[in-house]
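An overview of the molecular structure
The primary structure of each chain is shown beneath.
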Amino acid sequence: MSQPDSTTALPRGDARLEALLRSEASLLADAQLEALLHSGELHPGDSQLEALLQVHAEARLHPEELDEARTAMPQAPPEELRDFALRHRACRRSLALLSDFYRSHPCRMARVHVLAASAVTLGRFWGVSEPFARLGAAVMPVDERGLPRTREWASYARACEEHLPLEVRDERWIEAHMRDVARSREVGHEAAFLEEARAHEHEPLWRLLVQHVEMTLGARLFDQPALAGAVPGETAMAHGLALSLSRMVSASWSLLRHYAFSTLRALCLPRWRDDAGLVDERRTAWLLLTSFVTAWTAASVYRRGVKAVHRGQRARPSDVWPLLASVLGPDLGRVDPRVIRFYANPGAWGARACVTFSSCTARLFAWVATRLSGQGLSEHGARAFPGRFLTFRRVDGSMHFVRELYCDGVLRRFDSDFVLRDGRLHEVFVEHGLDLELDVSVLEDGGICLRGRTLRWHGLVLPPFGRGVEFRIHPASDATERVDIIGTFGGGGPASRRAPLARIHYEAWRQVDAVPHEHSEPQLPA
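Residues numbered from 1 in each chain as written. Predicted model: local features only at pLDDT ≥ 70, side-chain atom pairs only at ≥ 80, totals over all residues. Heavy atoms only, no water.

The phi angle at D408 is positive, at roughly 55°, despite the residue not being glycine. Relative to the helices and strands, D408 is located in the loop between β4 (399–407) and β5 (410–421). Residue D408 is classed as exposed on the basis of its relative accessible area of 56%. The phi dihedral of D422 falls on the positive side, at around 55°, and the residue is not glycine. Inspection of the secondary structure assignment puts D422 in the loop between β5 and β6 (424–429). (Helix = DSSP H or I, 4+ residues; strand = E, 2+ residues; numbered from the N terminus. Buried < 20%, exposed > 50% of the residue type's maximum accessible area, 1.4 Å probe, protein only.)

Bringing the packing of aromatic side chains into the picture now. Following the criterion strictly, the structure yields 17 aromatic pairs and no others. Note on W153 and Y156: the rings are 5.7 Å apart at their centroids and 90° apart in plane angle, and the pair reads as edge-to-face. With W153 and Y156 both in helix α9 (residues 151–161), this residue pair falls 3 residues apart, about one helical turn. By relative accessible area, which is 0% here, W153 ends up buried. (Phe/Tyr/Trp six-rings, centres within 6.5 Å; stacked < 30°, edge-to-face > 60°.)

Here the focus is the layout of surface pockets. Computed from the structure, the second largest pocket encloses a volume of approximately 1300 Å³. Lining the second largest pocket we find 46 residues, and of these V112, L115, A116, M215 and T216 sit closest to its centre. For the lining of the second largest pocket, the per-class residue count stands at 35 nonpolar, 10 polar and 1 charged. (1 Å grid on protein atoms, 1.4 Å probe; cavity = no way out; pocket = protein on both sides within 12 Å on 5 of 7 lines; lining within 4 Å. Points joined across faces, edges and corners; volume = space filled by probe spheres on them. Nonpolar A, V, L, I, M, F, W, Y, C, P; charged D, E, K, R; others polar.)

Take empty space enclosed by the protein next. Per the counting criterion, the structure on display carries 3 cavities of 30 Å³ or more. Within this model, the largest cavity holds a volume of roughly 80 Å³. In this structure, the largest cavity is lined by E64, E65, E68, A85, H88, R89, R92, R271, W272 and R273. Among the elements of the structure, α4 (63–72) and α5 (78–104) are those that each provide at least two residues to the lining of the largest cavity. The greatest single-element share of the lining of the largest cavity, amounting to 4 residues, is contributed by α5. In the lining of the largest cavity, the residues fall into 2 nonpolar, 1 polar and 7 charged.

So, on to a nonpolar patch on the surface. On the surface, L245, V249, W253, F292, V293 and W296 cluster together into a nonpolar patch covering about 650 Å² of accessible area. Of all the secondary structure elements, the ones that give two or more residues to the nonpolar patch are α14 (233–251) and α16 (281–294). With respect to the helices and strands, V293 occurs in helix α16. On the basis of relative accessible area, V293 is assigned to the exposed category, the value being 59%. (Patch = residues over 30% accessible without salt bridge, like charges linked within 9 Å, V, L, I, M, F, W, Y side chains within 5 Å. Areas by Shrake-Rupley, 256 points an atom, 1.4 Å probe, with all protein chains shown as cover. Salt bridge = Lys/Arg side-chain N within 4 Å of Asp/Glu carboxyl O.)

Following this line, the structure appears as structure tokens:
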């Protein structure tokens, strides 16, 4: 079959449509074409383009591809064999795009995605079922040009390009992937596949497809609560990973044997053609093996999700805690409104910070404390580290306050609760059983001073370490919505002349139009 001249059907200079033709009618190109038609950038009269894409693909089908389809579906008519070959080609193309994207934009969850995608490709599952193929294409992070497909995937790509910590990249990956899964379910891809699978429930190959869906998407029971902010995204993913592993070892041995046999055959007797832009069979097998070895690093995401399960529900910008009003009473009128707004909900504010230590000994002590407790930081210097404030509402209504800093690709965090007891403010480090009582006073510029008083460990009063902790919150000298938070540690209290061991300076600004998500990006002031 001769190939038509595609340029006669295209507007001049339209690079996107030319890219569609070059993609050889993959499902990714179909989705992009649908988006262009829906947006009005293509007129209804241009629907011949979809047929043109099909002609291009069928013209380039090779006998080996049809033989592969006939091996998997020996009783299928020629039309179904062609469809199988086209979908399997689209799967190989999508895996090539996926692996290339994750090679330059890595995170721990990306390895799990490559593992699942390479297994599906070796199993030739896209070729068997069109709804299954569309379900797989719907959770691709990139389009047919290799560019991020959604706003959430673009945010994930920026996190990788800016070398943000792996924890932040994992959060943004989880957010983007969950939204993809939710959209695919909304448009009916999963329901269409399950309906088609019921018509083939007695066929062994179809049972393997169903097992794969049950082990992956079927284990995602908490995606919607996570997207609504009711549970952390890492917690929802941790539950999904645990359920997937449980189903894999208990009821999916036939699926695992199929993957193992396909991998061994691909390594020893590869049969796919080596076409440009498509992964070959041996490379697919190596992708599966390497991602299988490295996918266990996602266990850290599981542990992070388990730890976050009790931190409460993510606060919205409109949520407030009247902490200062309850502590200061009538003296609240002396406090600058910006400081009041900050402590009503710090999660609505952007942040960055710089840290200095008075000596190498102090920095060594901070390094040891960070390794032992999992909180704090030992990075040092005048430069400001980007970061963010997060607030959560506990079941009892108290504020769970998380301060994160991105220190040269490493995540540092302080994680505590602010609670009121008998009219006094306490900062509680639940994980370590520490309770620091705070004295709150008003400064002359309308700021406030938080000074440590009594430190308890599981109710036991400790020596006066807490008196060496002090935070001063100052409103900006101009009219902007900014505050400066200056914390000192080890200064010996207000009457001591001893220099503090460490000093941290937060700059915080109100993100007026920002709606916080698990993947919200640090924004710097102008």
